[in-house]
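# Residue-level structural notes
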Amino acid sequence: MSLVINNLSVSRAQTPIINRVSLSISPGELHILSGVNGAGKSTLLNALMANPLYEVTSGEIVLDDIDLTKLPTFERARAGLFLSLQAPPEVPGVPMDDFLRTSLEAITGTRPHTLPFERDLQEALGLLRLDPKFAKRSLNEGFSGGEKKRSELLQLLMLKPKYALLDEPDSGLDPDAVGYLIEVITKLRAQGTGIFLVTHYEHVIKSLNPTAIHKLDLGNITLQNT
Ligand code: ADP
Ligand code: MG
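So, here's what we can say about the structure. The structure presented is a predicted model; accordingly, all values stated were derived computationally and were not measured.

Surveying the vicinity of ligand 1 reveals the residues Arg 12, Ala 13, Ile 17, Val 36, Asn 37, Gly 38, Ala 39, Gly 40, Lys 41, Ser 42 and Thr 43. At a separation of 3.0 Å, an oxygen atom of ligand 1 approaches a polar backbone atom of Gly 40. If ligand 1 stood free it would expose 570 Å²; the protein chains cover 61% of that surface. Tallying contributions element by element places helix H1 (residues 41–48) first for the shell around ligand 1, with three residues. Taken together, the residues that form the shell around ligand 1 break down as four nonpolar, five polar and two charged.

What follows is the structure, given as C-alpha cells:
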C-alpha cells in the first residue's frame, strides 16, 4: 500500500521540466516537497493529478497497486488521489456545499445522505474556523487568498482521499490559519492519509515532523536529511 512515483519525467509545452523523479509515500506519511520558485513543484503535482497541460514522457504512477499513469483525473480521484491547487479558480454559480456533495457522489458512486453530509460539513467548517454561511457561497468566488486556501482544505476534509497532494496550502494564510492547517494535516495523517506537501515555511515543516524532505532542483529530486 503506497503511492509510488517511479522514474517520472514531465514536460510542459514540449519543454522537459521534471527529470526521472522517484519516490514513494505510504499511508500516514508526510513527505515535503521543497525547491525554489520555478523548480517544478507544481508541475510534478499537476502531472500526478493528470492535468492535461502536462505530459508524462516516462515513468509510472501507482496508487495502492492501481496503475494511474494513463488514467484521467476523475479516475485518479476515484482511486483516492486529491490535489489542492496553488491558485484555485473561481467558479461562480456553484455553491460550495452542492459542489462538495456532487464531488463525493462522483467519487464514491452514491449521493451522500443529507444528515451525515451536513454533520461532516459542519465539523469540517468548525475545524477550519469558517462560518457555516461559507458553504453557501459560490466556489471561491470573491474569496480572499486565505479563504481560497481554506476552501481547498474543506474539500480535502470532506473528500477524505487516501493520498493528498497539497501545493502551498500555507501561502497567504494568517498565523492562526497556519495553526488550523497544521491541525488538519496532523488529523489526516493520524487517520492514515498519505500527504505530499509543498511548502516554503521552515516553521510549518518543523511543527509537522515529516517523514522525509525532497528537494527539487532543475527537475531532479534529492532526499534531504530530516
Ligand atoms: P514551482 O511550482 O516549483 O514554482 P512550476 O512547476 O510552476 O514551478 O514551474 C516549473 C517550470 O515550468 C518553470 O521553469 C516555469 O517557467 C515552466 N513553465 C510554466 N509554465 C510553462 C509553460 N506554459 N510553458 C513552458 N514552461 C512553463
Ligand atoms: Mg508552484
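On we go.
Side chains bearing opposite charge may pair, as long as their charged atoms lie close to each other. This structure, assessed with the given rule, holds eight salt bridges. The salt bridge involving Asp 120 is made with Lys 160; its shortest N-O contact spans 2.9 Å. Highlighted residues: Asp 120 in helix H4 (residues 114–127) and Lys 160 in the loop between helix H5 (145–159) and strand S9 (163–167), separated in sequence by 40 residues. The class for Asp 120 is partly exposed, based on a relative accessible area of 30%.

Binding of the magnesium ion (ligand 2) to the protein goes through Ser 42 (OG) and Gln 86 (OE1), at separations of 2.1 to 2.3 Å. Remark: Gln 86 occurs in the loop between strand S6 (81–84) and strand S7 (91–95) and Ser 42 occurs in helix H1; sequence separation between them is 44 residues.

This next bit is on the sheet that holds strand S11 (residues 212–217). The strands making up a sheet associate through hydrogen bonds between their backbones, and the pairing can be parallel or antiparallel. Reading across the sheet, the six strands line up as S6-S9-S10-S3-S11-S12 and stay open at both edges, with mixed pairing between neighbours. Strands with a single pairing partner mark the edges of an open sheet, and in this sheet they are S6 and strand S12 (220–224). Across this sheet, the average inter-strand angle for adjacent strands is 20 degrees, counted without regard to direction. Pairing geometry for S6 and S9, over four bridges, is parallel. Counterpart to Ser 84 in the pairing with S9 is Leu 166. Along the sheet face, H5 touches S6 and S9 and points at about 170 degrees away from the line of S6.

Our next topic: the side chain of Asp 170. Mapped onto the fold, Asp 170 is located in the loop between S9 and helix H6 (175–190). For the buried Asp 170, which has no salt bridge, the nearest side chain bearing the opposite charge is Lys 149, at an N-O separation of 6.8 Å. Within the structure, Asp 170 has its side chain in polar contact with the side chain of Thr 199 (distance 2.4 Å). Those residues within four positions of Asp 170 in sequence are excluded, and the remaining contacts are Leu 181, Val 198, Thr 199, Tyr 201 and Val 204.

Calculation rules
- Residues numbered from 1 in each chain as written.
- Chains lettered and ligands numbered in written order.
- Predicted model: local features only at pLDDT ≥ 70, side-chain atom pairs only at ≥ 80, totals over all residues.
- Heavy atoms only, no water.
- Near = heavy atom within 4 Å.
- Polar contact = N/O pair within 3.5 Å; in protein donor to acceptor, adjacent residues only side chain to side chain.
- Areas by Shrake-Rupley, 256 points an atom, 1.4 Å probe, with all protein chains shown as cover.
- Helix = DSSP H or I, 4+ residues; strand = E, 2+ residues; numbered from the N terminus.
- Nonpolar A, V, L, I, M, F, W, Y, C, P; charged D, E, K, R; others polar.
- Salt bridge = Lys/Arg side-chain N within 4 Å of Asp/Glu carboxyl O.
- Buried < 20%, exposed > 50% of the residue type's maximum accessible area, 1.4 Å probe, protein only.
- Donors = N, O, S within 2.8 Å, 3.2 Å for Na, K, Ca; no water.
- Pairing = 2+ DSSP bridges.
- Axes fitted to C-alpha atoms, helices over the stretch in contact; angles between N-to-C directions.
- Contact = heavy atoms within 4.5 Å.
- Lys, Arg positive; Asp, Glu negative; His and termini not counted.

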